[in-house]
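Observations on the three-dimensional arrangement
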Amino acid sequence: MRIDHPVRPGLRMECADGGRLVLVQGERPVLFARQRAGRRGVHYARTGAYVSPLAPLTAATARAFAAFAAPGSEAWTERWAARAEAELRGVADGPLHAGDWNLGPMTPGWFVERNWPKPLAHDPDRGHLTWFGYGDPDEDARDLLPLRALSGPGAARVKAYRRQYREGVLPPVLLWWISGLNCPVVLDGHDRLVAALAEGGRPPVLLLSRAVDARYVALCAARPVEEYERRTAAADGPLAAVHTAAASRRLAETLRAIERTPEITRAWPVAGGVDGWERAAAAHVPGWGPDPLP
């Protein structure tokens, strides 16, 4: 999708030297982060100020979408994506800014299956995300980061969403890819995430990210297209049509994955640079001092 404005969004990443990051909503810092020196992970501290830019969803809306198309189907997913896009275009405190964006289902295999349940047991306001392990605590290997503290499985709204999950109509959780964190954050649907995990399942997910440009797509697509042409040209015999159809499906999936590759998240400079970041962190998350691990 093409976004023409604003140039500077209400929900935006800001950065300073030394891997210092802060996610700002309006004028409120909602997340401070600092990358580890060895690029093996990131320390973070939530401020508790984050508010979803999207309106709360009702059970009636969830069931209406399920009546339109089978939950989990392509049509159902596209309808939810269209709704999220329309809302994000109309809010002042969301992440959209001028440029090209992707909003749709995540590429299969994005998440490590064993990491899904971890947020229920380990989701500190001040913590660490490991990117590649290297002896870090196993609970720090998480594939997404909530922007606010998660509600308990017995909270009223979570219980309502758990019923929707059991009915098979739970709306998707909306994630936003932030390259500086090397993971997506939960933009909307914190309680839906808890509901699905508390039921022993996995939530449907939509991912928002900046889109890579056409040159990147063409460069990455060249080899798969060449391989497809070679295979289909060599197809022969009574099963040639079957092999060609299978190769066509694989190529389409490969090209779709390339087109959905997240572009680097844009970040704006922190006012005051390093000193400004340090002052803001001291004011909003007092006492937080990420250990500069190697």
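See the structure above.
Reference entry: report on the structure contained in this document. (Residues numbered from 1 in each chain as written. Predicted model: local features only at pLDDT ≥ 70, side-chain atom pairs only at ≥ 80, totals over all residues. Heavy atoms only, no water.)

1. Some points on the sheet that holds strand β10 (residues 183-188)
Within the open sheet, the six strands sit side by side as β1-β6-β11-β9-β10-β8. Their pairing is mixed. The open sheet is flanked by β1 (2-3) and β8 (145-146), the only strands paired with a single partner. In this fold helix α5 (residues 190-198) packs onto β8, β9 (173-178) and β10, with an angle of close to 110° to the strand it touches most, β10. (Pairing = 2+ DSSP bridges. Helix = DSSP H or I, 4+ residues; strand = E, 2+ residues; numbered from the N terminus. Contact = heavy atoms within 4.5 Å. Axes fitted to C-alpha atoms, helices over the stretch in contact; angles between N-to-C directions.)

2. Points about unusual backbone geometry
A cis amide bond links H5 to the next residue, P6, at an omega of 5°. Position of P6 among the secondary structure elements: in the loop between β1 and β2 (11-16). Although it is not a glycine, N182 adopts a positive phi angle of roughly 60°.

3. Quick look at the sheet that holds strand β7 (residues 126-130)
Across the sheet, six strands lie side by side as β7-β5-β4-β3-β2-β12; this open sheet has mixed pairing. At either end of the open sheet lies a strand with only one pairing partner, and these are β7 and β12 (267-269). Adjacent strand axes in the sheet meet at a mean angle of 30° when their direction is disregarded. Alignment of β2 against β12, held across three bridges, turns out to be parallel. Bridge pairing in β12 links E14 to W268. On the sheet, helix α8 (residues 273-284) packs against β2, β3 (20-25) and β4 (28-35) and is oriented at approximately 115° with respect to β4.

4. Digging into the nonpolar core
Generally speaking, nonpolar side chains in soluble globular proteins are found buried as a group. If you look at the biggest cluster of nonpolar residues, it comprises 55 residues, and the most contacted ones within it are L175, W176 and L181. At six residues, the largest contribution of residues to this core is made by β9. With near-sequence residues (within four places) excluded, L181 lies in contact with L21, L31, A33, V42, W131 and L145. With 10 residues, the next largest nonpolar core counts V22, V24, F32 and V270 among its residues. (Core = buried A, V, L, I, M, F, W, Y, C linked by side-chain atoms within 4.5 Å. Buried < 20%, exposed > 50% of the residue type's maximum accessible area, 1.4 Å probe, protein only.)

5. So, the layout of surface pockets
A volume near 450 Å³ is recorded for the largest pocket. Lining the largest pocket are 24 residues, and of these T77, P105, M106, V205 and R260 lie nearest its centre. Mapped by element, the contributors of at least two residues to the lining of the largest pocket are α2 (74-89), β6 (99-105) and β11 (205-210). In terms of residue count, α2 provides more of the lining of the largest pocket than any other element does, five residues in total. The residue inventory of the lining of the largest pocket, partitioned by class, reads 14 nonpolar, six polar and four charged. In this structure, the second largest pocket spans a volume of roughly 260 Å³. Along the wall of the second largest pocket there are 15 residues; nearest its centre are S52, R148, R157, D188 and G189. Mapped by element, the contributors of at least two residues to the lining of the second largest pocket are α4 (156-167) and α5. If one sorts the elements of the lining of the second largest pocket by residue count, α5 sits on top with three residues. (1 Å grid on protein atoms, 1.4 Å probe; cavity = no way out; pocket = protein on both sides within 12 Å on 5 of 7 lines; lining within 4 Å. Points joined across faces, edges and corners; volume = space filled by probe spheres on them. Nonpolar A, V, L, I, M, F, W, Y, C, P; charged D, E, K, R; others polar.)

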